[in-house]
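One letter stands for each residue in the lines below.
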Amino acid sequence: MSTTAAPVPGASREQLGRLEEHWGERPSLRAWLTTVDHKKIGRRYLVTAGLFFALAGLSALAMRTQLARPESRLLSPQEYNQLFTMHGTAMIFLFATPMLFGFGNFLVPLLIGARDMAFPKLNALGYWIFLFAGLFMWASLPFGAAPNAGWFAYVPLTGQQHTPGLHMDVYSLGLLFLGIATTAGSINFIVTALKLRAPGMSLNRVPLFVWAIVATAFMVIFALPALNLDNAMLFLDRRFGTHFFDPAAGGNVLLWQHLFWIFGHPDVYIIVMPALGIVSAVLPAFTRRGVVGYVLVVFAIVAISIISFGVWVHHMFATGLPRLSYSFFSAASTIITIPSGIQIFAWLATMLLGRLVVRVPLLFVIGFIVTFVLGGFTGTMFALTAFDQQVTDSYFVVAHFHYVLIGGAVFPILAAIYYWLPKITGRMYHEGLGRWAFWLVFAGMHVTFFPMHLYGLFGMPRRVYTYPSEPGWDGWNLVSTIGSYLLAVGLLLVVVGVVHAIRRGRPAPPDPWGGDTLEWSTDSPPKSYNFPVLPQVHSLHPNWDESSRESMGAGAEADRILADGRTTLLTSELDGRREREVEMPGSSWQPLLLALVMLLFFTAMLFAWYPVAAVAAVAVAGTVATWLWPPRRPDRELGVSA
Amino acid sequence: MSAHPGPRARLAGGLLFWYAVLGGAVAWAVHLLAGWGVDELTCASGSDHIGGVPLRAAVGAAVALPALATVGALLAAVLLWRRTHPPSEGEDRSVGRGRLLAVVGFWSNLLFLTIIVLGGVALLVLPPCQR
C-alpha cells in the first residue's frame, strides 16, 4: 500500500530544471491560446462540458416546470420543441462524451506513465472544435432557430417540407463539425494508449480506465461515420434537394433510422463505458484492494464494445421489419447484459472482499450501481419485442434512458470529480458539502425519474409540450418536477464544493487516497512534464508496488528521465517494450487557427454564403498543409556533415 | 529442434493467436450482417427465394457457417489457454499478456456462439418474412 508521498525524484535538480525549461509555459494570453498540454486541455474539456451541462439542465428545468401541471402554457410548443431537442442533443454530444474525454485527456497520459498525448496539437484542435461546435449549436437558441425535432432527428419530420428554417441545418452542420473533434480525440487516445505506455506496462497491466477509454475510442471510430453520413445526407436533402430519404424518388425513410442507431446504440456505451472505467478506477482506493476479476472485466469491456454494434434494431422494433430480423438483434440485446452484469458483480465482489472507506467518491459509485442496475433492468425488458412495442414513445422510455445515462454516466462523473479533484486542482474538497450533494442528487434523481415509469405505463406519450388532466398523470408529473428541482440543488452543491475546494481547500498531497495507479505517484497537480522520471512498471498496481515506485526514485535511469528535450518514450503495443524516444511538439497557433476557419466554413454553409464557404475551405486546406509540412531540421540531426 | 520458430511458424502462430481472440467476434459480425441483410432485403423485394435458394436455407447458412467458425475460435482459445499459465514473478511479461488475451478470447467466443445459436433458434420457429 502506498504512502501519501510521491517517490523521491530520481532526477537531479539540474535535470528537473531542464525538464521545466522544455515543458513549462509562462502564464500569458498567448500561452493560454496556444497550449498543447494535455492537463490544461483536459481541464478545459471538463469546464466547457460542465457549462453545456448547466445549459442543458436549465432547459430541463424549464420543461419540468411546464409539465408540473396539465394544460400549462409557460412555454409555447415551438419553444418546448427547441428546448427538449437541445437538452437531449447537448447532454449526449456536448456534455457526456466531452466530459469523459476531458477526464481521459487529463488522466490517460498520467495513468500510463507518459508525458503527453501522442498528438498534442491534434488534442488542442479537438478542444477548440468542441468549444466552437457547442457555441454554434447553443447560439441558435436565443434566435429561435435551434434544432427542434428531437435529438434523433427522424425523417421525414426533419425534412425541409415539415421543418422549414435553419433549425435542423444547425443540427446537422453542428454535429458534423463536432464529429471532427470526437474522431480526432479518439484516434489520439488509441495511439497514446498503444504506443506511449511506460516500459513494462504490458496489456495485462493496463489500468481498467485506460482499457475503457480505448474501447470507447474504437467504438467512436466505427460508429461516428454512420452519423456523419446521415447528417451529410440530411443537409443535402434539405439544402440542395437530394432525395436520400424520399421514397417517392427512390430514397428510404428507414435509412435515417438504421444509420442513426448504428451510431446511436454504440453511443450509449460510448457514454457509459468510460464511466464504468471510472468506477473501476475509484473502487481500489476506497476498498483497499484491486478490482476482483480484472481479466473478466477486460473481457466485459471488449465484448460490450463489439456487441453494442449488433443491437441497433431494438430501437426500431416498431418499424415493421421482418420478425426474424428482429430476433438477431433481440438475441444480441439480451446477451449484452451478461458482460454488463460481470462488471457489476466484479464491483460488488470488490466491495464485499475489500475494506470500505466511505468517502464521497464511493457514495457516488454506490449510487451509480443502484441506479444503473435499475436502468439495466428496464433495458432488458426492451429486448423483448412485444414489450418494446407496447411502451415505445411513452414516458417509460424516458425513465429508462435517464436511469441508464444519469446512473451510468453522471454518477460516475461526479465520483470522478471528487476522486481526482485533488490531483487536478491540488486542493482537497469539503467532505460534508460533498455528502449533502450526493444525497440531494441521489434523492432528486429517483424522485424525478421513477414516476416516469408509472405515467409512461399509464399511457403518457413523450415529447408533448403539455397534456390534458388524465388519471395517474397529474400528480406524478408534479412529483417529477419537485424531484428535478431537488436534483438541481444537489448539482449546484457539487459546483459550490468545487469552487470552495479551489478557493479554500487545504493543499492536496500527491496521494490522498492511497490509490493504486501511476497518477498518484506524482505531484498534485502534476508538473508540466508529469513525471520527473518515467516509471518502469512491474505490476497492475504500480503505486502499491515497491519496485515500480523505486524505478522513479533511487532506481531512476537516464533513459527514463529524458531531460535533454521535449521527448517521451515510445513502447511496443502489446508488451510495453521500450522502442525509442520521440520528440513532442510544443505550443502552437495552428490548432486554434484551424478550428476558427472550420467554424467560418460551417457558419457560411449554414447561412448559404457559399463563396465565403469556398474561401474557408481553401483556408482549411492551407492550414492543414502548413501543419503537416515537415519542420526544417538541423543538418547534424539529418546526418549531413557540414 | 530450434528454440526460436521460423518466420512462417511465427506468422501461423500469430494468425492462430488472433483467430482465438477475435474469431468469434468477426464470425458474429458476418452472421449478423448476412442474416439480417439477406432476410430484410429479400423480404422487401416480395420474394422468399434468393438466387433460386429458399430464404430459410440462405439465412440458415448465415447461422451455421459463422457458428462453426466460432467453435473453431473457441477451440483455438482453449489451446492458447492451455499453453499459457498465470505469470509468476520475474517471468517474461508476454506470458501474462498472452494469458489475458486467451481468457478474453475464450469467454468472448462463448458469448458470440450463444448469440449466433439464439439467432438460429429463431430461424426454426419464425417464418423468414413474417411481419
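In the annotation of an unreviewed UniProt entry, chain A is listed under the name Cytochrome c oxidase subunit 1 and assigned to Micromonospora qiuiae. As recorded by UniProt, the Catalytic activity (unreviewed entry) comment attached to chain A reads in full: "4 Fe(II)-[cytochrome c] + O2 + 8 H(+)(in) = 4 Fe(III)-[cytochrome c] + 2 H2O + 4 H(+)(out)". Recorded in UniProt under Sequence similarities (unreviewed entry), the annotation for chain A is "Belongs to the heme-copper respiratory oxidase family."

**Some details on the overall build of chain A**
What chain A contains, in helices and strands, is 20 helices and two strands. Taken against the 2.2 N^0.38 rule, which gives 26 Å for 642 residues, the C-alpha radius of gyration of chain A at 25 Å falls within 12% of a compact globule. In terms of principal-axis extent, the alpha carbons of chain A reach across some 75 × 60 × 50 Å. Looking at the 642 residues of chain A, the share that counts as buried comes to 56%. Counting only contacts in chain A whose residues sit at least 6 apart along the sequence, the fraction spanning at least 24 positions is 81%.

**Some points on the interface of chain A and chain B**
Facing 25 residues of chain A, the contacting portion of chain B comprises 30 residues. For the side of chain A that touches chain B, the secondary-structure elements that each account for two or more residues are helix H9 (294–307) and helix H10 (323–335) of chain A. Looking at which element gives the most residues to the side of chain A that touches chain B, the answer is H10(A), with eight residues. For the side of chain A that touches chain B, the per-class residue count stands at 16 nonpolar, seven polar and two charged.

**What to know about the UniProt feature "domain: Cytochrome oxidase subunit I profile" (unreviewed entry) in chain A**
In this numbering, the UniProt entry assigns the feature "domain: Cytochrome oxidase subunit I profile" (unreviewed entry) to residues 26–538 of chain A. Annotated as 68% helix and 0% strand, the span residues 26–538 of chain A places its first and last C-alpha atoms 36 Å apart.

**Things to note about the pairing of strand S1 (residues 567–571) of chain A**
All names here are of chain A. Pairing analysis gives five bridges linking S1 to strand S2 (residues 578–583), with the strands arranged antiparallel. Following the sheet pairing, Thr-571 is matched in S2 by Arg-578. Between S1 and S2, which pair antiparallel in sequence order, lie six residues; one of them, Gly-576, sits at a positive phi of approximately 60 degrees.

**Description of the confidence of the model for chain B**
Looking at chain B, the pLDDT average stands at 89 and 95% of residues meet or exceed 70. No element of chain B has a lower mean pLDDT than strand S1 (residues 49–50) of chain B, which averages 87, and none a higher one than helix H2 (residues 55–83) of chain B, which averages 94.

**Digging into the packing of helix H3 (residues 38–66) of chain A against helix H5 (residues 120–138) of chain A**
To describe two helices that pack against each other, one gives the angle between their axes and the distance between the axes. Residue and element names in this part refer to chain A. Where H3 contacts H5, the two axes come as close as 10 Å, and the packing angle between them is 15 degrees. On the basis of the axis angle, H3 is roughly parallel to H5. H5 is crossed by H3, and the crossing has left-handed handedness. Residue-level contacts link His-38, Ile-41, Arg-44, Tyr-45, Thr-48, Phe-52 and Leu-55 of H3 to Pro-120, Asn-123, Ala-124, Tyr-127, Phe-130, Leu-131, Gly-134 and Trp-138 of H5. Of the residues belonging to the contact of H3 with H5, the class tally is ten nonpolar, four polar and one charged.

**Observations concerning the environment of A:Ala149**
Residue and element names in this part refer to chain A. With respect to the element layout, Ala-149 can be found in the loop between H5 and helix H6 (167–195). Sequence separation between Ala-149 and Phe-382 is 233 residues, and the spatial gap between their C-alpha atoms is 23 Å. In contact with Ala-149, other than residues within four places in its own chain, are Thr-85, Leu-157, Thr-158, Thr-163 and Met-168.

**Some words on the confidence of the model for chain A**
Confidence in the prediction for chain A averages 93 pLDDT; 97% of positions are at 70 or higher. Here helix H20 (residues 635–638) of chain A stands out as the element of chain A with the lowest mean pLDDT, 62, in contrast to helix H18 (residues 590–606) of chain A, whose mean of 98 is the highest.

**Remarks on the domain arrangement of chain A**
Residue and element names in this part refer to chain A. Domains assigned within chain A are domain 1 (1–34 + 510–575), domain 2 (40–312), domain 3 (358–508) and domain 4 (592–630). The C-alpha centroid of domain 3 is placed 37 Å from the C-alpha centroid of domain 1. On the domain 3 side, the residues contacting the four residues of domain 1 number seven residues. Of the residues in the side of domain 1 that touches domain 3, the class split is two nonpolar, one polar and one charged.

**Quick look at the nonpolar core**
All names here are of chain A. In this structure, Ile-129 and Ala-415 are the most contacted members of the largest nonpolar core, which totals 242 residues. Here this core takes 22 residues from helix H14 (residues 395–425), the largest share from any one element. Those residues in contact with Ala-415, other than ones at most four positions away along the chain, are Ile-278, Val-282, Pro-361, Phe-364, Val-365 and Phe-368.

**Looking at the environment of A:Leu596**
Counting through the fold element by element, A:Leu596 comes out in helix H18. Remark: the alpha-carbon pair of A:Leu596 and A:Val620, spanning 24 residues in sequence, is separated by 9.1 Å.

**Describing the UniProt feature "transmembrane region" (unreviewed entry) in chain B**
Residue and element names in this part refer to chain B. Residues annotated by UniProt as "transmembrane region" (unreviewed entry) correspond here to residues 12–37, 57–80 and 100–126. Secondary structure content for residues 12–37 is 100% helix and 0% strand, while the C-alpha to C-alpha distance between its ends is 33 Å. In this annotation, residues 57–80 is assigned 100% helix and 0% strand; the end-to-end C-alpha distance for the span is 34 Å.

Each value, and the rule that gives it
Residues numbered from 1 in each chain as written. Chains lettered and ligands numbered in written order. Predicted model: local features only at pLDDT ≥ 70, side-chain atom pairs only at ≥ 80, totals over all residues. UniProt positions renumbered as here; feature names shortened; annotations may be inferred. Helix = DSSP H or I, 4+ residues; strand = E, 2+ residues; numbered from the N terminus. Rg over C-alpha atoms; globule rule 2.2 N^0.38 Å. Buried ≥ 20, exposed ≤ 12 C-beta atoms within 10 Å, placed from the backbone. Contact = placed C-beta atoms within 7 Å. Nonpolar A, V, L, I, M, F, W, Y, C, P; charged D, E, K, R; others polar. Pairing = 2+ DSSP bridges. pLDDT = per-residue confidence, 0-100. Axes fitted to C-alpha atoms, helices over the stretch in contact; angles between N-to-C directions. Parallel < 35°, antiparallel > 145°, perpendicular 65-115°, else oblique. Left-handed = near helix turned anticlockwise from the far one by under 90°. Domains from an automatic or database assignment. Core = buried A, V, L, I, M, F, W, Y, C linked by C-beta atoms within 7 Å.

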